[in-house]
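Each chain, written out:
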Amino acid sequence: MPADRFGQLKTLELKIGREWRSIKKAIAATEEKLRHLSELLIPPGNRPIAEDASVVFFGSLARSEWTSKSDLDWIVLIDGQVDEQHYRTFQNIRKKLIEAKEVPPGSTGTFGGMAFSQDIVHRIGGEDDSNRNLTLRMLLLLESLSVGDDAARERVIRAILRRYLADDPSWTWKSDGKIPRFLLNDSVRFWRTMAVDFADKFHDQVGEKWALRNAKLRFSRKLIFLTAILVSFSWHLRRKTLSAHKEQHIDLAQSHFLSYLSRPPLDIVADELLLGNVSDSICDKILSSYDEFLSIMDDVTSRETLVELPRELAEKSPLFQRIRELSHVFRDGILEWLFDPHSEIFELARDYGVF
């Protein structure tokens, strides 16, 4: 595991005496895929793909969980004035990815196109905050990375964080600054939206890929929501204090959250498990079940079975039942961690997680 991005995960492995081989394999596959994409997409001389734009990847690649047949979810993120060069850049990138036979994004239209910072940053809540806009905003924070020039992506993430922090009265003016509730509430909304959209896709797409989507909802989607909760709790858990001056403490908090989110979700989870001195058995439940989930996702036959398996036959599928059992272990481990009455995180989950 690369020491800079997975140091806590490695430490946790050593602490509890486990080796998560599928997670390690996915990390290595991610690094190889990123090298390939960099060679494919970055112009000679490392020039930017376009002024005020970044090529941003999401999903398993951004989480460092790349497996065989993973979808490549991407956008061209634009943070600047409208320029026809942006569309030509987008077309060029799409052409290169098609020619390289990369697995395309899903059919929902969220990925594989252009996105503009104005909508992502300034349309939070209300009728104009579409599912796509919410999804892109939250995924930019929780699971995104760029190849090539990352300046546009980082600027947009900074702007999103500033909106969540500056527009939260309790966060801005109270000296303890425990929880940025604006960010937490939007994270909860995102999780519920993913759950509702899962049902909607079954209805609209006549059950296509139901079992695969169900498995992802039980694991990788839940991991993203868990990460969002931990992000919101992290300021308080790390005993951070706010400055007496509003702008200064927003700047401090923005830097904290930007640094915190620079790591993949699994390393963030490992970091918090270590910080909270969580029992080895709970750590093992959470990470080992996820490791086996990635092993299943990496097996071509298993993945194809999940793609084709209809909902009405899921109860008779040993593979799907194994995923279901593993997801219960994963879920139970998370619940035991968050709702251990002797832990500090329990107080935060109780006080802020629901109401």
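Predicted model only: the values in this text are computed from it and were never measured. (Residues numbered from 1 in each chain as written. Predicted model: local features only at pLDDT ≥ 70, side-chain atom pairs only at ≥ 80, totals over all residues. Heavy atoms only, no water.)

Attention now goes to empty space enclosed by the protein. To find the voids left in a structure, one rolls a probe of water-molecule size over its atoms. Counted under the stated rule, the structure contains 1 cavity of 30 Å³ or more. The calculated volume of the largest cavity comes to roughly 40 Å³. Residue lining of the largest cavity: Met138, Leu141, Leu142, Leu183, Ser187, Ala228, Val231, Ser232 and Leu261, and that is the complete set. Secondary-structure elements contributing two or more residues to the lining of the largest cavity are helix H6 (131-142), helix H9 (181-204) and helix H10 (210-237). (1 Å grid on protein atoms, 1.4 Å probe; cavity = no way out; pocket = protein on both sides within 12 Å on 5 of 7 lines; lining within 4 Å. Points joined across faces, edges and corners; volume = space filled by probe spheres on them. Helix = DSSP H or I, 4+ residues; strand = E, 2+ residues; numbered from the N terminus.)

An order of E3-E2-E1-E4 is seen for the 4 strands of this open sheet, with the pairing classed as mixed. At either end of the open sheet lies a strand with only one pairing partner, and these are strand E3 (113-116) and strand E4 (145-147). Ignoring which end each strand starts from, the neighbouring axes of this sheet average 40° apart. Sheet topology note: the strand E1 (residues 53-57)/strand E2 (residues 74-78) ladder contains 5 bridges and is antiparallel. Bridging across to E2, valine 56 finds its partner in isoleucine 75. Of the strands in this sheet, E1 and E4 touch helix H2 (residues 21-41), which is tilted by about 50° from E4. (Pairing = 2+ DSSP bridges. Axes fitted to C-alpha atoms, helices over the stretch in contact; angles between N-to-C directions. Contact = heavy atoms within 4.5 Å.)

Non-glycine residue lysine 69 carries a positive phi angle of around 70°. Within the secondary structure, lysine 69 is located in the loop between helix H3 (59-62) and E2. Of note, the phi angle at lysine 101 is positive, near 60°, even though the residue is not glycine. Looking at lysine 101, the relative accessible area reads 72%, which means it is exposed. (Buried < 20%, exposed > 50% of the residue type's maximum accessible area, 1.4 Å probe, protein only.)

Further remarks concern the pattern of salt bridges. Per the stated rule, a full pass over the model turns up 32 salt bridges. Salt-bridge contacts for glutamate 19 lead to arginine 21; the nearest nitrogen and oxygen are separated by 3.5 Å. Ionic pairing is found between arginine 137 and aspartate 129, a salt bridge with its closest N-O pair at 2.8 Å. Assigned by exposure class, arginine 137 and aspartate 129 land together as buried. Here the residues in one salt-bridge network are Lys10, Glu13, Glu19, Arg21 and Lys24, joined through shared partners. (Salt bridge = Lys/Arg side-chain N within 4 Å of Asp/Glu carboxyl O.)

The next subject is the packing of aromatic side chains. This structure, assessed with the given rule, holds 13 aromatic pairs. With 4.5 Å between their ring centres and 10° between their planes, phenylalanine 219 and phenylalanine 293 make a pair best called stacked. You can see phenylalanine 219 sitting in helix H10 and its partner phenylalanine 293 sitting in helix H13 (residues 280-298), a full 74 residues away along the chain. Site record: aromatic cluster; members linked through ring pairs are Phe219, Tyr290, Phe293 and Phe330. Cation over ring: arginine 263 sits above tyrosine 260, and NZ or CZ is 4.8 Å from the ring centre. (Phe/Tyr/Trp six-rings, centres within 6.5 Å; stacked < 30°, edge-to-face > 60°. Lys NZ or Arg CZ within 6 Å of the ring centre and 35° of its normal.)

Turning our eyes to something else, we now look at the layout of surface pockets. Each pocket or cavity is described by its volume, and for the second largest pocket that value is around 450 Å³. In this structure, the second largest pocket is lined by 17 residues; those nearest its centre are Trp191, Phe225, Ile229, Leu335 and Leu338. For the lining of the second largest pocket, the secondary structure elements donating two or more residues are H9, H10 and helix H15 (318-338). Residues of the lining of the second largest pocket, tallied by class, amount to 13 nonpolar, 1 polar and 3 charged. (Nonpolar A, V, L, I, M, F, W, Y, C, P; charged D, E, K, R; others polar.)

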